[in-house]
Each structure stands twice: as C-alpha cells, then as structure tokens.
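# Remarks on the overall topology
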Amino acid sequence: MNTEANQDWVARSLAAVWHPCTQMKHHERVPLVPIARGKGAWLYDHEGNRYLDAISSWWVNLFGHANGDINRALKDQLDTLEHAMLAGCTHAPAVELSERLSTLTQHTLGHAFFASDGASAVEIALKMSFHYWRNRGQSEKREFACLANSYHGETIGALGVTDVALFKDAYDPLIRHAHVVASPAAAGVDEAIAAMRALFEARAAQLAAVIVEPLVQCAAGMAMYDASYLTRLRALCDEFRVHLIADEIAVGCGRTGTFFACEQAAVWPDFVCLSKGISGGYLPLSIVLTRDDIYAAFYDDDVTRGFLHSHSYTGNPLACRAALATLDLFGSANVLAENRRKSALLREALQPLAKHDRVRNLRERGTIFAFDVDIDDKTFSRRFFANALQRELLMRPIGKTVYMMPPYILTDDELALLAARTRETLDATLAEAA
Ligand SMILES: *Cc1c(COP(=O)(O)O)cnc(C)c1O
C-alpha cells in the first residue's frame, strides 16, 4: 500500500523506458500503470489497487498470472536446464513440445521450428515457403499474398504482409509489399474467394504463399469471418499450388473455441505460426509447424538447401517447459467446454449493451468479444482506457472497437463484473467532453 512507490516507478519508467506501441507524449495525460504483481486474472499496483486483465496482457495469458502449475514446472526446469543451444544439441522440453504439437495436428504438421516472437515466426514461414519452392526448382515463386487489414507483426519482413497503415506507412520505403487481397471479414466470403482466385489465375507461377489470420483479424479490430472461407482458400491453394500459412499467433491455443482456429474449417495449412498464448503468457516463444514433405525438401547433403535460420534463444527450455505446462492444463481441465459455458454467460451479461444506442456490431468468436462505438473522436481509446482503470479493468480499445479477450480462468462473478464495468466505462467515456 504505497502511493509513493507507484509514482516513483512511473516517473522512473517515463525517464528510462521507451514503451512499445505508444506515442510517449500521450503519457502526459494517459496514466501509466505500475504493476507490482499478478495473481489469477488480476494485476495489482504498488498501492494494492487491482485491475482485471480483460485483454490477457496483450492476448498472451491463458490461465492467469502466477499460475501454480506453470510456476511449479518452471521452477523445476530452472534447476534442471535453463538454456542450451538447439543447433547441434537437443533437450527434452523442445522434443516433447514438438511431439505434442504434431499430435494436436494428427501428425499432419510433423515438424516444429522454434523462435521467440510472433513476427519472427511469420518471417520464418515466409522464408521456408520461398526456400521450399527454390529447392524444388521453382525459385520464381517469390511473391506473397495477404488479406486487407491483415496484421502479422512489425519487423520489416512481417510488415510486408501487414496491411495496417498506422504501423506501416512510416516505413513504406523499406518494405517489400505483398499482394493485398479482399478480406472475407469486410467483403464477404464469396467476394474474397473470387478476388483470391483472380490473383492466383494471374500470379500463381510467382506466388509462394498466402498468409491469413484464421477466423478473426484481431489487430484490425476483431474483424471476424466464416470458417468456410478457410475451407475454400485451402482448395484454391491446392488447385494453384500456393502454400497456405495460418498465422494462429492470436487465434490459436483455444482462443476461438478449438485449439487451432483452422480446425473449424476442417483444413490444415502448410504452415501454422504459434506464439502469444502457447507459453501461457509466461515467456517469449514462437513456433512454426509444417508438413513433413516440406521439411523433406530441405533434407540434403548440400548445406545451402537446409534452412539456415536461427535465433540465439531458439527452443529455449524454460519457454518450452512453460508451453508444456500450458498444454497440460488444456489436458487436465475441460478447458474448451468450460470456455463455451463462460462465453455463453458473458454473451448473456452483454445483452443490454447490444441495445445501447451507441453500440454497433456486438460480436464474438470463442472467448473474443467486441463491439464498435459510434463516436467520432480520436481520443476515445485513450479515454476509455483511463476510465476502465478507475473501474478496476485493464482494457485497451483498438480505435473505436472495444474488445474483451480475458484469460480462461475468470470466475462467473468476474465475468459479471467485466460486463457491468465495461458498460459503466462506456457510459462514463461517452459522457465526457472529448
Ligand atoms: C501479435 C501478433 C503477431 C506478432 O507477434 P509478436 O510476438 O508481437 O511479434 C503476428 N500475428 C498476429 C496475428 C498477432 O496477433
């Protein structure tokens, strides 16, 4: 219970830390929240104020902060092996995690390549796809396609397949652009498939892969679309021999109701990118899963036909062990069924909001809930964030889209609190003069 500690950490942070995805000058008005500790769905500051982590700390946390089971696994791993390089060496956590992820794809995606963050996983999938075609004698297949409003990360390569002007425009001269094709979330499935077919008919000989965010384009503002798009896209990719990369970094790990979002379309892509929730929100870890026949195209006496990509912390044992503990939690509790029950509760509790005269398009997929606010105000998101904090909620709207993506461990009371306080926050934000 220390007010001075709160203020002190904020002042020191603003003096020394360059915060991500932030115009730092906005912190003259927008509060910076000094987090002292976390437990379950709650984060606490140094004064003992608590905040419900309604966005899973940027969509990564699945089973709560300071989770007892994950903590135990990590403490054990810490005393066994904290890190060893994965080139030339191997270790149990990386092997077991690769095997278990392969099993989750019914062994369709039989090989796992490791990195530390989502953007790197995306770049690995792009490089692997290009290199596969090159090894197969089709080095002219070097172009990529992505969907309108797509988000695949913010390194220079990942920005090439990202279509969010806010993140991209400043770096435009540095970027090698992918083909941007109509998204089913905006254009509808038929039109989006027709647009993709038109591109494939014109450019299939040059196209290595198309990359999509299955079911929900999260960073675009939780734009949702029907699974049938993925089924039809898979068929198109087969017909024209173009790889399908599923970026499940945000939507994987049960977020949309199935472990992999692609399961709802009953298709497997050629590459799946995982990150965010896979380590339970504990440690930086990303994984690219791919088919054994793609792996086989790199298997050769010639070193340069191999995939010579690495990161220093590739397959870090602590991160892999956190992921194994996370998968154990999926296995021990009936997580996906429980999530369906909780989502039904939240849907019910949010019903009054659907009738709010400023709320548009209340939508959901799995444990993601979102609505758009009818307001013309660039400061809406920042003001909502500040008002939410005063009501013990950590929420960060994307523009005018308010969304919830809570950890899977919320109690029924916490779900009710989330719905009620979201409503209060919205009304308080709308009542303020902008
Ligand atoms: C977050 C995210 C990324 C990038 O992951 P980082 O770990 O932030 O680099 C890529 N794709 C999607 C769909 C994401 O949500």
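Each value, and the rule that gives it
- Residues numbered from 1 in each chain as written.
- Predicted model: local features only at pLDDT ≥ 70, side-chain atom pairs only at ≥ 80, totals over all residues.
- Heavy atoms only, no water.
- UniProt positions renumbered as here; feature names shortened; annotations may be inferred.
- Helix = DSSP H or I, 4+ residues; strand = E, 2+ residues; numbered from the N terminus.
- Contact = heavy atoms within 4.5 Å.
- Polar contact = N/O pair within 3.5 Å; in protein donor to acceptor, adjacent residues only side chain to side chain.
- Near = heavy atom within 4 Å.
- Areas by Shrake-Rupley, 256 points an atom, 1.4 Å probe, with all protein chains shown as cover.
- Domains from an automatic or database assignment.
- Buried area = accessible area lost by both parts, 1.4 Å probe.
- Salt bridge = Lys/Arg side-chain N within 4 Å of Asp/Glu carboxyl O.
- Nonpolar A, V, L, I, M, F, W, Y, C, P; charged D, E, K, R; others polar.
- Buried < 20%, exposed > 50% of the residue type's maximum accessible area, 1.4 Å probe, protein only.
- Pairing = 2+ DSSP bridges.

## Some points on the UniProt feature "binding site: substrate" (unreviewed entry) in the protein chain
This chain's UniProt record puts "binding site: substrate" (unreviewed entry) on Trp58, Tyr151, Lys276, Ser310 and Arg396. The named residues occupy 339 residues along the chain; their greatest pairwise C-alpha distance, 33.6 Å, places them well apart from one another. Here Tyr151 shows up in the loop between β5 (143–147) and α6 (156–159). Not counting residues within four places of it along the chain, the set of residues in contact with Tyr151 comprises Thr162, Val164, Phe167, Glu213, Ala219 and Asp247. Side-chain polar atoms of Tyr151 contact the side chain of Glu154, separated by 2.3 Å. Structurally, the position occupied by Ser310 is in the loop between α11 (292–296) and α12 (317–332).

## Details of the UniProt feature "binding site: pyridoxal 5'-phosphate" (unreviewed entry) in the protein chain
UniProt records the feature "binding site: pyridoxal 5'-phosphate" (unreviewed entry) for Gly118, Ala119, Asp247, His311 and Ser312 in the present numbering. A stretch of 195 residues holds the annotated residues, and the largest C-alpha distance among them is 22.7 Å, long enough that they do not meet in one place. On the secondary structure map, Gly118 appears in helix α5 (residues 118–135). Residues contacting Gly118, with those up to four places away along its chain left out, are Ile249, Ser275 and Ser286. Among the secondary structure elements, His311 is positioned in the loop between α11 and α12.

## Description of the site of the ligand
Residues in contact with the ligand, as listed here, are Trp59, Asp117, Gly118, Ala119, Tyr151, His152, Gly153, Glu213, Asp247, Ile249, Ala250 and Lys276. In the environment of the ligand, an oxygen atom lies 2.8 Å from a nitrogen or oxygen atom belonging to the backbone of Gly118. A distance of 2.6 Å separates a nitrogen atom of the ligand from a polar side-chain atom of Asp247. About the coverage of the ligand: the protein hides 82% of its 380 Å² of free accessible area.

## As for the domain arrangement of the protein chain
By the assigned domains, the protein chain splits into domain 1 (4–63 + 337–432) and domain 2 (68–332). For domain 1 versus domain 2, the separation of C-alpha centres amounts to 28 Å. The interface of domain 1 with domain 2 comprises 24 residues on the first partner and 24 residues on the second. Roughly 2,000 Å² of surface becomes buried between domain 1 and domain 2 when both sides are summed, with 65% attributable to carbon and sulfur atoms. Of all residues in domain 1, the largest losses of buried area upon contact with domain 2 belong to Trp59, Phe63 and Arg365, amounting jointly to 35% of the total for that side. Counting every contact that joins domain 1 to domain 2 gives 0 salt bridges. Viewed at the interface, domain 2 and domain 1 are joined by 9 residue pairs in polar contact (both at pLDDT 80 or more). Broken down by secondary-structure element, the contributors of at least two residues to the side of domain 1 that touches domain 2 are α2 (56–59), α13 (335–354), β13 (359–365), β14 (368–373) and β16 (401–404). Among the residues forming the side of domain 1 that touches domain 2, the class breakdown is 14 nonpolar, 6 polar and 4 charged.

## Topic: the pairing of strand β2 (residues 42–45)
Residues Trp42 and Tyr44 line one face of β2 and the alternating positions Leu43 and Asp45 line the opposite face, and both faces are buried. Both strand β1 (residues 35–39) and β2 contribute to a ladder of 4 bridges, which runs antiparallel. Pairing of Ile35 across the sheet is with Asp45, part of β2. Hairpin connection, β1 to β2: the antiparallel pair is bridged by 2 residues, and Gly40 has positive phi, about 60°.

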